[in-house]
Amino acid sequence: SGEQRLFDSVQCTYNILEQRPHDALIEAHESGMDIIIKEGLANGRTLSNPTLKELSSTLNCQPDQLALAAILAQPFQPRVLSGSVTVDQLRSNLGSFYSIEDPESMSVAERLVSTAEGKEVLQKLMESCKMESEEYWDNRSALKWN
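Residues numbered from 1 in each chain as written. Predicted model: local features only at pLDDT ≥ 70, side-chain atom pairs only at ≥ 80, totals over all residues. Heavy atoms only, no water.

### A few points about the sheet that holds strand 2 (residues 34-38)
Line of reasoning, step 1. Spatially, 1-2-3 is the arrangement adopted by the three strands of the open sheet, whose pairing is parallel. Of all strands in the sheet, those with a lone pairing partner are strand 1 (9-13) and strand 3 (79-80), marking the two edges.
Line of reasoning, step 2. As defined by bridge partners, strand 2 adjoins strand 3 across two bridges and the pair is classed as parallel. Note that in strand 3 the partner of Ile37 across the bridge is Val80.
Line of reasoning, step 3. Contacting strand 1 and strand 2, helix 1 (residues 22-30) runs over the sheet at an angle of about 145 degrees to strand 2. (Pairing = 2+ DSSP bridges. Helix = DSSP H or I, 4+ residues; strand = E, 2+ residues; numbered from the N terminus. Contact = heavy atoms within 4.5 Å. Axes fitted to C-alpha atoms, helices over the stretch in contact; angles between N-to-C directions.)

Shown next as structure tokens:
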């Protein structure tokens, strides 16, 4: 239509618990917008999810790596803000898209989109961890902030 967009990117909360924005993020990506995801670990709440723990063990990775990799594996090709506050957290988070121990091996995110086991893990993770948005935001608003 020749109309100039006001914004070139969108920043949104999206994670294994809060998935409601999925279709809107695909639409934004398809229109050429850069997608930036915040709260990829839901302020740490994803890390206590039993399914995430179980499936990260299946893929031999840390729960934070799988939670972030599940976002990176989405078709809207996001950039993900990790929210890490320590060097150790950052190192672990980086393992979602880069194999620190063996740079030649596939990252967790790559395995989720390119191996049968990874695709199965991604599907199970996203289906079993998804919350109703209202519940997600109610829980978030009840968090104690420092």
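### Some words on the pairing of strand 2
Line of reasoning, step 1. One ladder, built from five bridges, connects strand 1 with strand 2; its direction is parallel. Counted as the bridge partner of Cys12 is Ile37 from strand 2.
Line of reasoning, step 2. Following the backbone out of strand 1, through helix 1 and into the adjacent parallel strand 2, one traces a crossover that is right-handed. (Right-handed = clockwise from strand over helix to strand, strands pointing away.)

### Describing the packing of aromatic side chains
Line of reasoning, step 1. The final tally for this structure, using the stated rule, is two aromatic pairs.
Line of reasoning, step 2. Aromatic side chains Tyr14 and Phe76 sit 5.2 Å apart centroid to centroid with 90 degrees between the ring planes, which places their arrangement in the edge-to-face category. Placement of the pair is Tyr14 in the loop between strand 1 and helix 1 and Phe76 in the loop between helix 3 (63-72) and strand 3, with a sequence separation of 62 residues.
Line of reasoning, step 3. The exposure class assigned to Phe76 is buried, which follows from its relative accessible area of 0%.
Line of reasoning, step 4. In this arrangement the basic side chain of Arg45 is found over the ring face of Tyr136, its NZ or CZ atom lying 4.3 Å from the centre. (Phe/Tyr/Trp six-rings, centres within 6.5 Å; stacked < 30°, edge-to-face > 60°. Buried < 20%, exposed > 50% of the residue type's maximum accessible area, 1.4 Å probe, protein only. Lys NZ or Arg CZ within 6 Å of the ring centre and 35° of its normal.)

### Re the nonpolar core
Line of reasoning, step 1. In terms of nonpolar packing, the biggest core is built from 33 residues, with Ile16, Leu66, Leu112 and Leu125 touching the most fellow members.
Line of reasoning, step 2. Counting residues per element, the ones that place at least two in this core are helix 1, strand 2, helix 2 (50-58), helix 3, helix 5 (108-114) and helix 6 (116-129).
Line of reasoning, step 3. Broken down by element, this core gets its largest block of residues, six residues, from helix 3.
Line of reasoning, step 4. In this view, Leu112 contacts Leu59, Leu66, Ala69, Ala70, Ala73, Gly118, Lys119, Val121 and Leu122; residues no more than four positions away in its chain are not counted. (Core = buried A, V, L, I, M, F, W, Y, C linked by side-chain atoms within 4.5 Å.)

Geometric descriptors of this kind do not, in isolation, establish any biological role.
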